[in-house]
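Structural features, examined
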Amino acid sequence: MSEAKLEAWLDETRSFAPSPEFARQANAQPSIYAEASADPVAWWRLQADRLTWTTSPTQTLEWDLPFAKWFSDGTLNASYNCVDRHVEAGRGDKVAYHWVGDAEGETRTITYAQLQKLVAQAANALSELGVKTGDRVAVYMPMIPEAVVTMLAIVRLGAVHSVVFAGFSADALSSRILDSDCQFVVTADGAYRRGSASPLKPAVDEALESCPNVKAVLVVKRTNGDVNWVEGRDHWWHETVERQNDVHTCESFPAEHTMFIMYTSGTTAKPKGIFHTTGGYLTQCATTYNYVFDIKPESDVCWTAADIGWITGHSYIVYGPLINGVTQVMYEGLPDSGGKDRWWKIIEQNKVSILYTAPTTIRTLMKWGDQFPKDHDLTSLRLLGTVGEPINPEAWMWYREHIGSNRCPIVDTWWQTETGAIMVSPLPGITATKPGAAMRPLPGIGVDVVDNNGDSVGNGEGGYLVITHPWPSMTRGIYGDPERFKETYWSRFPGKYFAGDGAKRDEDGDLWLLGRIDDVMNISGHRLSTTEVEHALVGHPAVAEAAVVGASDETTGQAIVAFVTLKMSADDAGKDYGPVIEELRLHVAKVISPIAKPRQIILTPDLPKTRSGKIMRRLLRDVAENRQLGDVTTLTDPTVVNMIAGLMETNASGED
Ligand code: WTA
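For clarity, every value in this text was computed on a predicted model and none was experimentally measured. (Residues numbered from 1 in each chain as written. Predicted model: local features only at pLDDT ≥ 70, side-chain atom pairs only at ≥ 80, totals over all residues. Heavy atoms only, no water.)

**What to know about helix 12 (residues 311-323)**
Among the 13 residues that make up helix 12, 13 are buried, leaving the element largely enclosed by the rest of the structure. Among the residues trailing helix 12, Gly325 stands out with phi positive, at a value near 70 degrees. (Buried < 20%, exposed > 50% of the residue type's maximum accessible area, 1.4 Å probe, protein only. Helix = DSSP H or I, 4+ residues; strand = E, 2+ residues; numbered from the N terminus.)

Here it is, written out as structure tokens:
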């Protein structure tokens with residue numbers, strides 16, 4: 001559909017009604033909303049029975065705003081719920097993961113029974129290395145089965161995993177290890193990306209130079225590269241794990257036992273350690289996976305194309321799917337490892353029925369062209385999902401037409417690291433969908449759109465997205481910083497959780513998410529804060545001052561544009577600044593991650609500031625997006641922005 005046609009079509013707010021066939025067989029039936037809203041807390045208690053409890057909870061919710069406890073007198077083991085109980089129920093031969101390596105033809109199939117043994121061995125090995133209940137273990141691994149096994153083994157012991165995306169730098173890793181005082185690290189020697197091995201262990205070695213409390217590092221041999229080895233500290237997985245007993249009897253832990261920490265960018269330079277506990281988190285992962293993806297464990301093959309280094313990987317590659325006992329595809333490589341049709345080959349070969357990914361990937365696949373999916377049999381697909389950022393209607397329509405043959409429902413799922421599981425999404429078979437809208441809060445979830453005063457906006461109006469009552473998988477806080485938790489999420493609108501996103505309610509009352517309204521950027525679905533990147537830039541000896549904004553970008557949603565003032569000396573006149581700009585981009589990649597590398601760095605002699613000295617990011621965003629400049633009356637020197645706008649044209653640089 002052309003853009004103009006699509007716009008005209010959208011103006012009529014047309015929607016796609018669910019097919020009657022799909023609706024008949026859907027896991028969720030329309031009565032679910034009324035059932036849940038009659039008594040949401042009681043409804044969640046019923047959902048908790050999806051788990052196998054050692055002690056069934058009699059308490060449901062204890063709410064001491066903003067601190068919630070769910071199912072607090074219940075006890076359970078997360079790993080048992082994901083793995084053992086399926087084997088005990090006679091489903092051990094069912095495939096848990098069809099793992100697909102970066103290189104074509106490299107695959108591993110792991111059944112639930114095999115997964116149970118692998119997890120038992122890993123749990124025994126971690127115990128031998130000294131991991132105990134409550135200890136924090138950092139996981140810095142590529143997308144290999146051992147990553148999932150490690151996570152399950154850690155929670156099996158009642159320890160706490162802190163998975164750090166393997167694309168993060170040594171600095172980012174060490175600050176996360178230090179913040180939650182991890183004493184153990186599990187990693188790999190390297191990873192494969194588009195056929196070439198890239199080392200991971202050197203980043204761990206570098207990070208650990210500043211982490212003296214780390215006692216042991218467990219290393220999976222994934223590539224054949226040379227590795228630096230610290231005797232006594234480093235242990236090969238194949239030497240330590242594979243010789244262990246493949247039986248491990250697990251203990252049960254209270255529902256509110258901390259299960260994991262996941263760092264995410266907030267509005268300051270320091271990422272927040274969002275932590276989740278066991279019973280409530282697992283209940284909502286299990287429930288949402290069942291209803292939103294409408295899974296049929298007997299026949300579905302589910303593929304969440306995300307990384308375990310993000311919350312989507314935690315909730316919808318590991319916990320939600322495993323609790324539901326489904327078969328999944330787990331893929332190590334990039335969308336174009338081995339060719340631009342790699343994804344479609346994977347779907348065809350594995351008969352994937354449910355695909356869940358980020359809009360930025362959909363836009364990339366769309367840009368590569370229709371011929372790639374067209375050449376493959378995608379008829380196994382029956383449901384498509386998106387997550388991580390607002391999806392533009394063009395990409396939504398392309399996904400529907402070219403991947404879903406105009407037949408598969410699309411679920412646009414809104415949620416956050418903090419919410420733990422999906423909060424707003426259509427329910428397939430019930431909700432008519434609109435391209436670009438996340439539609440409705442899920443049953444048992446209360447969401448509102450409010451204005452500056454915290455009052456609900458009417459239909460057809462925009463405002464701030466808030467969550468109005470506690471939900472089972474809500475974060476229990478920021479690790480070690482309860483004050484920051486209160487202040488960040490619960491102070492803007494008293495009594496309500498402030499998500500940091502803008503949203504609109506359309507004329508029908510359906511929700512459209514509009515992106516972050518704070519200083520958090522969303523680059524290809526990855527959260528990064530403007531201050532984090534500014535900090536990295538200012539940490540470079542040549543930089544005097546930096547301001548960073550997220551400018552809209554056709555493929556990545558947002559892209560980083562940095563305005564930098566250099567420390568100048570008299571003999572700098574006439575110097576070629578190209579190499580400086582490149583060095584600054586690499587510096588940010590090194591300090592944070594290649595995903596944080598600015599698309600553009602604009603060198604400027606000054607930055608626009610208010611009279612109170614605050615940098616006017618709003619104006620810089622206007623400049624970065626070539627928009628008419630907003631109100632400049634509060635600036636100390638309004639000419640600065642015009643000068644920068646001029647520089648944008650002459651000194652645009654660093655695109656790749
Ligand atoms: C954004 C990812 C629009 C949003 C699961 C949120 C979305 C942030 C959607 C959380 C969606 C996520 N539509 N925006 N369907 N899903 N977001 O913590 O800005 O990595 O606040 O969790 O992503 O990112 P996070």
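From this point, things continue past the structure.
**Focus on the domain arrangement of the protein**
Each assigned domain of the protein is listed here: domain 1 (3-444 + 457-499) and domain 2 (520-650). On a C-alpha basis, the centres of domain 1 and domain 2 stand 33 Å from each other. Of the roughly 1700 Å² buried where domain 1 meets domain 2, counting both sides, 45% is carbon and sulfur surface. Applying the counting criterion to the domain 1 and domain 2 interface returns two salt bridges. The interface formed by domain 1 and domain 2 includes 17 residue pairs in polar contact (both at pLDDT 80 or more). In terms of residue class, the side of domain 1 that touches domain 2 is built from six nonpolar, twelve polar and eight charged. (Domains from an automatic or database assignment. Buried area = accessible area lost by both parts, 1.4 Å probe. Salt bridge = Lys/Arg side-chain N within 4 Å of Asp/Glu carboxyl O. Polar contact = N/O pair within 3.5 Å; in protein donor to acceptor, adjacent residues only side chain to side chain. Nonpolar A, V, L, I, M, F, W, Y, C, P; charged D, E, K, R; others polar.)

**Description of the sheet that holds strand 4 (residues 95-100)**
Read from one edge of the open sheet, seven strands run 5-4-17-16-18-19-20, paired in mixed fashion. Pairing within the sheet leaves two strands with one partner each, and these edge strands are strand 5 (107-111) and strand 20 (410-413). The average angle at which neighbouring strand axes cross in this sheet is 20 degrees, direction not considered. Here three bridges tie strand 16 (residues 301-304) to strand 18 (residues 354-357), and the two strands are oriented parallel to one another. Bridged to Cys302 within strand 18 is Ile354. (Pairing = 2+ DSSP bridges. Axes fitted to C-alpha atoms, helices over the stretch in contact; angles between N-to-C directions.)

**Overview of the packing of aromatic side chains**
Across all of its chains, the model carries 30 aromatic pairs by this definition. Grouped by ring-pair contacts, the aromatic residues Trp63, Phe67, Trp471, Phe485, Tyr489, Trp490 and Tyr497 constitute a single cluster. In this arrangement the basic side chain of Arg176 is found over the ring face of Phe168, its NZ or CZ atom lying 4.4 Å from the centre. The ring of Trp368 carries the charged tip of Lys340 above its face, separated from the ring centre by 5.2 Å. (Phe/Tyr/Trp six-rings, centres within 6.5 Å; stacked < 30°, edge-to-face > 60°. Lys NZ or Arg CZ within 6 Å of the ring centre and 35° of its normal.)

**Some thoughts on the site of the ligand**
With respect to spatial proximity, 17 residues lie near the ligand, and among them Asp412, Thr413, Thr417, Asp501 and Arg527 are the closest. Asp412 is positioned with one of its side-chain polar atoms (N or O) 2.7 Å from a nitrogen atom of the ligand. Surface burial for the ligand is 98%, taken as the share of its 530 Å² of free accessible area covered by protein chains. Elements with a contribution of two residues or more to the shell around the ligand: helix 12, strand 20 and strand 25 (511-516). Grouping the constituent residues of the shell around the ligand by class yields six nonpolar, six polar and five charged. (Near = heavy atom within 4 Å. Areas by Shrake-Rupley, 256 points an atom, 1.4 Å probe, with all protein chains shown as cover.)

**Focus on empty space enclosed by the protein**
Inspection of every chain in the model, using the stated rule, returns three cavities of 30 Å³ or more. Approximately 50 Å³ is the volume found for the largest cavity. If you add up the space inside the second largest cavity, you get close to 40 Å³. Every residue lining the second largest cavity is listed: Trp43, Trp44, Thr287, Thr288, Tyr291, Leu442 and Pro443. Taken together, the elements giving at least two residues each to the lining of the second largest cavity come down to helix 4 (40-47) and helix 11 (279-292). Ranked by residue count, the leading element in the lining of the second largest cavity is helix 11, at three residues. In terms of residue class, the lining of the second largest cavity is made up of five nonpolar, two polar and no charged. (1 Å grid on protein atoms, 1.4 Å probe; cavity = no way out; pocket = protein on both sides within 12 Å on 5 of 7 lines; lining within 4 Å. Points joined across faces, edges and corners; volume = space filled by probe spheres on them.)

**Details of unusual backbone geometry**
Cis geometry is adopted by the peptide bond preceding Pro66, which originates at Leu65 and carries an omega value of 0 degrees. Looking at the element boundaries, Pro66 is found in the loop between strand 1 (61-64) and strand 2 (67-70). Even without glycine at this site, Asp181 takes up a positive phi of about 50 degrees. By the secondary structure assignment, Asp181 is in the loop between helix 8 (170-179) and strand 8 (184-188). With phi around 50 degrees, Lys351 is a residue other than glycine that occupies positive phi space. Position of Lys351 among the secondary structure elements: in the loop between helix 13 (342-350) and strand 18. By relative accessible area, which is 57% here, Lys351 ends up exposed.

**Focus on the sheet that holds strand 24 (residues 497-505)**
Backbone hydrogen bonds hold the strands of a sheet together, and the pairing may be parallel or antiparallel. The strand order 21-22-24-25 describes an open sheet built from four strands, whose pairing is antiparallel. Bordering the open sheet on either side are strand 21 (447-450) and strand 25, each of which pairs with just one other strand. Averaged over neighbouring strand pairs, the angle between their axes works out to 45 degrees when direction is ignored. Looking at chain direction, strand 21 and strand 22 (residues 461-467) are connected through four bridges and run antiparallel. Its bridge partner lying in strand 22, Val449 is registered against Leu465.

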